[in-house]
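Structure at a glance
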Amino acid sequence: MEQDKKPYQFLYETYPWPEPGTERDCPYSGVPLQLNKKHPGYNGKPWTCPKCIHYFSEDDLDNPGKYKGLDCDYTLREKAESSAADPGE
Ligand SMILES: [Zn+2]
């Protein structure tokens, strides 16, 4: 039987991928995102944040409201550390 199921291939081929050299910032931490090579393993998410280790699609970054008031693991940890800072210990 022919095996012609290629869900990953299909998925990533349909997502927009930015031109090399494009720069965007993480909606959580504001650090510059790393632009990944177009590869099925990224599931249509071209961007990785080196701090949060989050993957973002172009669509995600075009809707920063999705992230408003939310924290990733990295920003949560930073907040916990700054609020736990108690020099009197
Ligand atoms: Zn980030």
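See above for the structure.
Here we summarise the structure given alongside this text. Every value quoted in this text rests on a predicted model; they were computed, and no experiment measured them. (Residues numbered from 1 in each chain as written. Predicted model: local features only at pLDDT ≥ 70, side-chain atom pairs only at ≥ 80, totals over all residues.)

Thoughts on the overall build of the protein chain
To keep things clear, this is the line we draw: A helix here means a DSSP run of H or I that spans at least four residues, while a strand means a run of E at least two residues long, and both kinds are numbered starting from the N terminus. Exposure is read from a count of other C-beta atoms within 10 Å of each residue's own; the residue is exposed at 12 or fewer, buried at 20 or more and partly exposed in between. C-beta atoms are placed from the backbone. We call two residues in contact if the C-beta atoms placed from their backbones are at most 7 Å apart.
When helices and strands are counted, the protein chain shows three helices and three strands. Overall, the protein chain shows an N-to-C arrangement of helices and strands of α-β-β-β-α-α. Buried residues in the protein chain amount to 11% of all 89 residues. Pairs at least 24 residues apart make up 38% of the contacts formed inside the protein chain by residues separated by at least 6 positions.

Thoughts on unusual backbone geometry
Non-glycine residue Asn 43 carries a positive phi angle of around 50°. Tracing the sequence through the fold places Asn 43 in the loop between strand S1 (34–35) and strand S2 (47–48). The exposure class of Asn 43 is exposed, given the 12 C-beta atoms found within 10 Å. At Ile 53, a position not held by glycine, the phi torsion is positive, near 55°.

Quick notes on the environment of Gly 65
With respect to the helices and strands, the residue Gly 65 is situated in the loop between helix H2 (58–61) and helix H3 (73–83). Along the chain, Gly 65 and Pro 27 lie 38 residues apart, while their C-alpha atoms are 9.0 Å from each other.

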